[in-house]
Structure formats: C-alpha cells, structure tokens
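# A structural walkthrough
Given next are the chains, with one letter for each unit.
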Amino acid sequence: PGRRRPDDRGEGAGRRHLDRLTITGGNGTGDDGPGGVDAREATKLQMHGVHIVGNTGLHGGGLALYEVRATLEDVRIEANTATGGGGAWLARSIVECSDSAFADNEAEHGGGFWLQGPNSISDCTLTANSAATGGGVFVEAGGDAILTDVRIEDSVATERGGGLYQTDSTVT
C-alpha cells in the first residue's frame, strides 16, 4: 500500500492499448503540450481503429511519443495543429504502421511529423500536411531517422521542404 507502480501514473514500462475510439478536441497547454495522445518512457503503445482528429498542442497536435515503441493499425491522424508536429511529435521512438495515415495536419515545423532524436518509422502515409518548414516531415538537428516504406504526398511548406526538411541530421 502507498507504493505506486509505473503503470499507475500513466508512464513507465507499461503497455497501452487503444482500440476503436475517436480522440477529438484536445488542447495541450502544458510544458510540452501534446493535444491528442501522449505516451512516454518505455511504453509500448498499440492503437487499432483509432481516429485522432481536431486536436491542438505545442508539440504533437495529434500524437506525442517519447521513447515509445508504437504499433498503429487502421489509425487516422487528421486535421490536428501544433507548433511542432501537427500530426505527431516523435522523439527516440519506433513507429510501425499498417493501413494508417497522417493527413491534413498543420504546424510551424513538421506538418505530418516532427522527429527529434533517433527514430524509426515504417509503412506510414503522410498526405496533404502543411508547415512553414517540413510540410510532411521535419527532422531536427541530430534527429537521425530511418524511414522505411513511408509515403509523403501532396504536402506543402511555405518556406522550406514541402515533403521533408532536415538539418544536420541523417535520413535513410
């Protein structure tokens, strides 16, 4: 009694399952300020049939992951806004997608994704996202990324990198 496990506080080495739900209208105003879903620190996140739409945040309008391994199946992350990562802000995470899309998200940097630290992303589609820099994907300095079977389509940047913008980083 009185002792908390990591799962009791919403972070730590736990498993999270989100199944067939819609997350909308979130407004992140904290330090990092994610809008829709926030998962951190060695969490394993599985999402199936999830629609994350119309959320606003500082980092990660729809989704914010820090040191997370995530599996997204039939997930739609759409029409979210943020300063960084309209669709998702990802830091030191592994994201595996199946039949999932990030579309119509908007940010100052990284309309679809903002990548910080090493990340590995596979089988995702990013469509019609927009930002000043990195309409589809913004890779922060030192934010090396492995992108496998990632499609970036019809994304727009008003300044640099309509599809992808990277600075002092490696993208393979």
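In this report, the structure presented in the accompanying data block is examined.

### Quick look at the state of the cysteines
For the structure on display, the rule yields one disulfide. Note on cysteine connectivity: Cys97 is disulfide-linked to Cys124, with sulfurs 2.0 Å apart. When the S-S torsion is 50°, as for the bridge of Cys97 with Cys124, the disulfide is right-handed. Of this pair, Cys97 sits in strand 12 (residues 94-98) while Cys124 sits in the loop between strand 16 (119-122) and strand 17 (125-127); the two residues are 27 residues apart in sequence, bridging distant segments of the chain.

### So, the sheet that holds strand 10 (residues 81-84)
In sheet architecture, strand pairing relies on hydrogen bonds along the backbone and comes in two forms, parallel and antiparallel. Spatially, the five strands line up as an open sheet ordered 6-10-14-18-22, and their pairing is parallel. For this open sheet the edge positions go to strand 6 (56-59) and strand 22 (156-160), each flanked by a neighbour on one side alone. For this sheet the average axis-to-axis angle between neighbouring strands, irrespective of direction, equals 10°. Both strand 10 and strand 14 (residues 106-109) contribute to a ladder of three bridges, which runs parallel. Its bridge partner being in strand 14, Gly84 is matched across the sheet by His109.

### Notes on the side chain of Thr133
Within the secondary structure, Thr133 is located in strand 18 (residues 130-133). Engagement of the side chain of Thr133 in a polar contact is seen with the side chain of His109, the distance being 2.5 Å. Those residues in contact with Thr133 that lie beyond four places of it in its chain are Glu108, His109, Gly110, Phe138, Ala157, Glu159, Arg160 and Tyr165.

### Re the pattern of salt bridges
Pairing between side chains becomes possible if they bear opposite charge and their charged atoms approach one another. Overall, the coordinates contain seven salt bridges when judged by the stated rule. The partner of Asp38 in a salt bridge is Arg40, with the nearest N and O atoms 2.9 Å apart. We classify Asp38 as partly exposed; its relative accessible area is 38%. Put simply, Glu67 and Arg92 hold a salt bridge, and the shortest N to O gap is 3.6 Å. A residue pair is termed long-range when its members are at least 10 positions apart, and Glu67 in the loop between strand 7 (63-66) and strand 8 (69-73) and Arg92 in the loop between strand 11 (88-91) and strand 12 qualify at 25 residues. Judged by relative accessible area, Arg92 falls into the partly exposed class, the value being 42%.

Each value, and the rule that gives it
Residues numbered from 1 in each chain as written. Predicted model: local features only at pLDDT ≥ 70, side-chain atom pairs only at ≥ 80, totals over all residues. Heavy atoms only, no water. Disulfide = S-S within 2.5 Å. Helix = DSSP H or I, 4+ residues; strand = E, 2+ residues; numbered from the N terminus. Pairing = 2+ DSSP bridges. Axes fitted to C-alpha atoms, helices over the stretch in contact; angles between N-to-C directions. Polar contact = N/O pair within 3.5 Å; in protein donor to acceptor, adjacent residues only side chain to side chain. Contact = heavy atoms within 4.5 Å. Salt bridge = Lys/Arg side-chain N within 4 Å of Asp/Glu carboxyl O. Buried < 20%, exposed > 50% of the residue type's maximum accessible area, 1.4 Å probe, protein only.

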